[in-house]
Each structure stands twice: as structure tokens, then as C-alpha cells.
Amino acid sequence: MRISTKATCFLETLKIPEGPKAEQPIVLAPFQKRFVIGALKPETQVAILSIGRGNAKTALSAGLALGAVMGKWDKQPRREIIIAARTRDQGRIAFEFVIGFIRSLPISEQKKFTIRRSPRLEIEYGDGNYIRAISADGKTALGSAPTLVLMDERGHWQADQGDALEHALLSGLGKRGGKALIISTSAADDAHP
């Protein structure tokens with residue numbers, strides 16, 4: 001089975017954690033499927049999805065982070081997934097979505113997760129696979145070797161701090177053959193990176 005097929009199948013096993021459709025299975029929209037298929041192609045290192053508010057950007061990022069940390073399509077040992085957001089509070093939203101998706105997994109699978117909210121937002125799966133939520137402060141990403149980076153709302157990061165974080169994350173990707181997925185609404189002005 002192709003990586004992208006594994007990913008879309010996994011995403012559609014998850015249940016919506018909150019809102020009017022809570023507890024219903026995720027149904028990916030055609031544009032979401034196309035994005036996942038293109039983003040997870042072996043030759044793709046950076047993929048960008050720019051869509052309007054209310055189109056499940058954070059849920060898609062959270063589902064991809066969960067599948068990646070569980071090794072659903074990447075079997076590297078010690079996987080590191082980073083959800084990078086403009087602020088810690090923004091990162092917490094995606095982090096909480098991941099936790100909501102974890103709760104839709106079988107109990108035997110849920111027991112493999114350790115959730116930490118202090119000193120940083122971190123989810124450990126099994127032995128040494130992590131999802132970390134960080135904010136746009138380039139210093140927090142230096143030295144990392146992520147297998148997947150999800151840049152949440154990149155179009156709204158402060159230019160200087162956002163650029164520093166993006167550069168630190170992208171430079172770390174090469175160490176592990178990682179991918180970066182940028183999922184955002186459009187920036188406030190055309191001069192934004």
C-alpha cells in the first residue's frame with residue numbers, strides 16, 4: 001500500500017473530537033486527500049496548503065502528526081514530529097486535537113501514549129517517539145532532527161521570529177529525510193514570507 005493511501009485510510013479511522021459532529025468518523029474532503037497524497041510522495045520535502053478559516057486545517061495537521069508518530073507510514077525509529085505555531089496557545093490547540101484523536105483509538109493503543117503539558121507540550125508514543133508543540137521562537141528548534149514538521153498558520157507568524165524558526169526546522173529535516181507541511185490561511189499582507 002502506498003504511503004499516501006496508508007495516511008488517508010488512517011485519517012479516516014479517527015473520530016472528530018469536538019463540535020457538532022463529535023464522535024463521527026473523519027471524512028476527508030477531496031482537496032485534503034489531494035494534499036496528503038502530494039505531500040507524502042517520497043520526492044516531496046515541503047508541501048503547502050493555503051485555505052480559508054474553518055476548513056479543518058488544525059484537525060488535518062493533528063491527524064497527520066498522530067499517524068506519523070505512530071509510524072503508520074514512516075517506520076523510522078525515534079520519530080520526532082513538531083507542530084510549530086505562532087504562539088504557545090496556538091500550538092496548544094493542535095496539541096489538544098491530537099489528544100482528542102488519541103481518545104478515538106482503541107484502549108490498548110491509547111495506553112502507549114504519555115501526555116506531558118509541562119514544562120513543554122509533548123506526547124510520547126511507545127519508546128522514544130514524540131510530538132512536540134512549539135512556538136515561533138527559533139531557539140526552541142535548534143538541534144532537532146524531526147521526521148515531520150507541521151507549520152500551523154505560517155502566514156501569521158511574526159516575520160523575524162517565524163523566519164528563524166522555519167530555517168531551524170527546515171535545516172533539521174535533512175538529518176532524517178523529514179518533511180515539512182505548511183498549512184495556513186493567507187498572510188495579512190503580500191510582503192510576508
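It should be noted that the structure appears before, not after, this text.
Here's a quick rundown of the structure. Remember, it's a predicted structure, so these values are computed and weren't measured experimentally.

On to unusual backbone geometry. At the junction of S118 and P119, the peptide bond is cis and its omega measures out at 0° in the coordinates. The phi angle at E23 is positive, at roughly 80°, despite the residue not being glycine. The class for E23 is exposed, based on a relative accessible area of 56%. Located in the positive-phi region is R78, a residue other than glycine, with phi close to 55°. Inspection of the secondary structure assignment puts R78 in the loop between α3 (57-69) and β2 (80-85).

Below, the discussion takes up the side chain of D74. Inspection of the secondary structure assignment puts D74 in the loop between α3 and β2. One buried charged residue, D74, forms no salt bridge at all, with the nearest opposite charge on R79 at 6.1 Å. Of the polar contacts made by the side chain of D74, one reaches the backbone nitrogen of Q76; its length is 3.0 Å. Setting aside its immediate chain neighbours within four residues, D74 contacts R79 and T147.

Rules used throughout
- Within each chain, residues carry numbers counting from 1 in the order of the written sequence.
- Owing to the predicted nature of the model, reporting of local features is limited to residues with pLDDT of at least 70; listing and counting of side-chain atom pairs is limited to 80 or more, with chain, interface and lining totals taken over all residues.
- Side-chain calculation: all heavy atoms of the structure are included, whereas hydrogens and water are not.
- Each residue is placed in one exposure class: buried if its accessible area under a 1.4 Å probe, protein chains only, is under 20% of its type's maximum, exposed if it is over 50%, and partly exposed if it falls in between.
- Comment: elements are numbered from the N terminus, with helices defined as DSSP H or I runs of at least four residues and strands as E runs of at least two.
- Working convention for charge: Lys and Arg count positive, Asp and Glu count negative, and His plus the chain ends are omitted.
- For this document, the term salt bridge refers to a Lys or Arg side-chain nitrogen within 4 Å of an Asp or Glu carboxyl oxygen.
- N or O atoms within 3.5 Å of each other form a polar contact, as long as, within protein, one can give a hydrogen and the other can take it, and as long as residues adjacent in sequence are counted only when both atoms are side-chain atoms.
- Contacts: residue pairs with any heavy atoms within 4.5 Å of one another.

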